[in-house]
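Examination of the molecular architecture
Letter by letter, the chains look like this.
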Amino acid sequence: MMFLKSSDERSDYAPWLRLRALFSVISVFPGLAVTCIVGLAAAFVSDQYGGPIMVFALLFGMTLNPMANSPNFVPGITLATTHIIRTGVALLGARITLDQISSLGLVPIVVVVVGVIVTILFGMVVGRAFGLSQRFGVLTGGAVAICGASAALALSAVLPKGQNDERDTIFTVVGVTTLSTIAMVLYPLLTAMLGFDDRTAGIFLGGTIHDVAQVVGAAYIISDNTGDVATYTKLLRVAMLLPVALALGFAFNRGRGGGEKKARPPLFLFAFFALIGLNSAGLIPAEVATLLADASKLCLIVAIAALGIKTSLMGLVRIGGPAIALIILETVMLAVLVFGIITLIG
């Protein structure tokens, strides 16, 4: 048949396909190399002098903002802010097991589920009252409620794209990372003032501080038991990422017209859930789970460095006071809510 090509004819295309693949690799290399270098610099400064590596990656990346408009760097930077972000979020699942979730008991589950739902709704309502977009309220609320910078990156990937989505994402990452660092210092003192025992303090810290690293840093200052409870509570919040992202993706894209771009199905979140299942079944050796967790952290650092490169400082400044007020109010509201739940049923 005239439409079927012989093996010789098909083999004529092989060199061109290989050449195209080579050109694709070459096109992304400069931008990806820059983001990796920024990530390494952030890791070095964090290891040598302390401080959150995510913030360093953001700030170092923002100093290279002129590269964001260079055709030589755009493909690699774009790759880092799309596929590498999603890979990093998916690999977070290797850190969680269902046994860890079930061992928490009822109180942490109530704290986490109620906290996530109320914080996101609070962000939507207050954000609209402040004249901000619904997408921005959901993004900041979800980041505060679930797992900080990682949640911001994951939710930004499933929510519909807007004109300022990258600026909003980077602002959210900066905001939750900064507030999480402040909470790491203040919240252990607060639990001592309130007279919480180790278990209650662990639930409070794990249920309120945004990022995993800061939860660990704050909780193990008090005791090993507090650290264990806080880590498990925090991992339960991380496990909420999949259902929340699926629900928000469906809600925001339901009934959208064909002329509007819909968010792609969040396949990386299904991978996140699959890794939880495999890890729970004991099919992922401890060494491999550690390797995947390190790979996840590396991907997210590179992705945040790339987001920093794509972000203009003036663009962040133009977001204005209402956005800053919103993310602070979300953080305070979550702390008050968790304290109330612990007081009532803890």
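Scroll up a little and you will see the structure.
Residues numbered from 1 in each chain as written. Predicted model: local features only at pLDDT ≥ 70, side-chain atom pairs only at ≥ 80, totals over all residues. Heavy atoms only, no water.

What follows is about the overall build of the protein chain. Scanning the protein chain from N- to C-terminus turns up 16 helices and zero strands. Per-residue burial for the protein chain yields a buried fraction of 48% across its 346 residues. Of the contacts made within the protein chain by residues no fewer than 6 positions apart, 81% connect residues no fewer than 24 positions apart. With the model as given, the accessible surface of the protein chain reaches about 16600 Å², and the carbon-plus-sulfur share is 69%. (Helix = DSSP H or I, 4+ residues; strand = E, 2+ residues; numbered from the N terminus. Buried < 20%, exposed > 50% of the residue type's maximum accessible area, 1.4 Å probe, protein only. Contact = heavy atoms within 4.5 Å. Areas by Shrake-Rupley, 256 points an atom, 1.4 Å probe, with all protein chains shown as cover.)

On the surface, Ile109, Val113, Val114, Ile117, Val118 and Leu121 cluster together into a nonpolar patch covering about 410 Å² of accessible area. Mapping Leu121 onto the fold places it in helix α5 (residues 106-129). (Patch = residues over 30% accessible without salt bridge, like charges linked within 9 Å, V, L, I, M, F, W, Y side chains within 5 Å. Salt bridge = Lys/Arg side-chain N within 4 Å of Asp/Glu carboxyl O.)

Moving on to the packing of helix α8 (residues 165-193) against helix α9 (residues 198-208). Across the interface, α8 lies against α9 with an axial gap of 10 Å and an inter-helix angle of 150 degrees. By the angle between their axes, α8 is roughly antiparallel relative to α9. Seen from above, α8 lies across α9 with right-handed handedness. Here Tyr187, Pro188, Leu190 and Thr191 of α8 lie close against α9, whose contacting residues are Ala201, Phe204, Leu205 and Thr208. When the residues that make up the contact of α8 with α9 are grouped by side-chain class, the tally is six nonpolar, two polar and no charged. (Axes fitted to C-alpha atoms, helices over the stretch in contact; angles between N-to-C directions. Parallel < 35°, antiparallel > 145°, perpendicular 65-115°, else oblique. Left-handed = near helix turned anticlockwise from the far one by under 90°. Nonpolar A, V, L, I, M, F, W, Y, C, P; charged D, E, K, R; others polar.)

What follows covers the packing of helix α6 (residues 134-145) against α8. At a minimum axis distance of 10 Å, the contact between α6 and α8 shows a crossing angle of 30 degrees. Between α6 and α8, the crossing angle belongs to the class labelled roughly parallel. The two elements α6 and α8 meet at a crossing, and its hand is right-handed. The segment α6 lies against α8, with Arg135, Phe136, Leu139, Thr140, Ala143 and Val144 engaging Asp165, Asp168, Thr169, Phe171, Thr172 and Val176. A breakdown of the residues in the contact of α6 with α8 according to their chemical character gives six nonpolar, three polar and three charged.

Another aspect to go through is the environment of Asp228. Along the chain, Asp228 turns up in helix α11 (residues 224-239). Residue classification places Asp228 among the partly exposed residues on the basis of a relative accessible area of 36%. A sequence separation of 29 residues divides Asp228 from Arg199, and the C-alpha atoms of the two residues are 8.9 Å apart.

Mapping Thr140 onto the fold places it in helix α6. At 3.2 Å, the side chain of Thr140 forms a polar contact with the backbone oxygen of Gly137. Residues within four places of Thr140 in sequence aside, it is in contact with Thr172, Leu326, Ile327 and Glu330. (Polar contact = N/O pair within 3.5 Å; in protein donor to acceptor, adjacent residues only side chain to side chain.)

This part is about the nonpolar core. In this structure, Val116, Ile146, Phe204, Leu205, Val244 and Ile304 are the most contacted members of the largest nonpolar core, which totals 86 residues. Here this core gets ten residues from one element, more than from any other, and that element is helix α14 (residues 286-309). Excluding residues within four positions of it along the chain, Ile146 makes contact with Val116, Ala151, His210, Lys234, Arg237, Val238, Leu241 and Val244. Membership of the second largest hydrophobic core comes to six residues, among which are Leu132, Phe136, Phe171 and Ala323. (Core = buried A, V, L, I, M, F, W, Y, C linked by side-chain atoms within 4.5 Å.)

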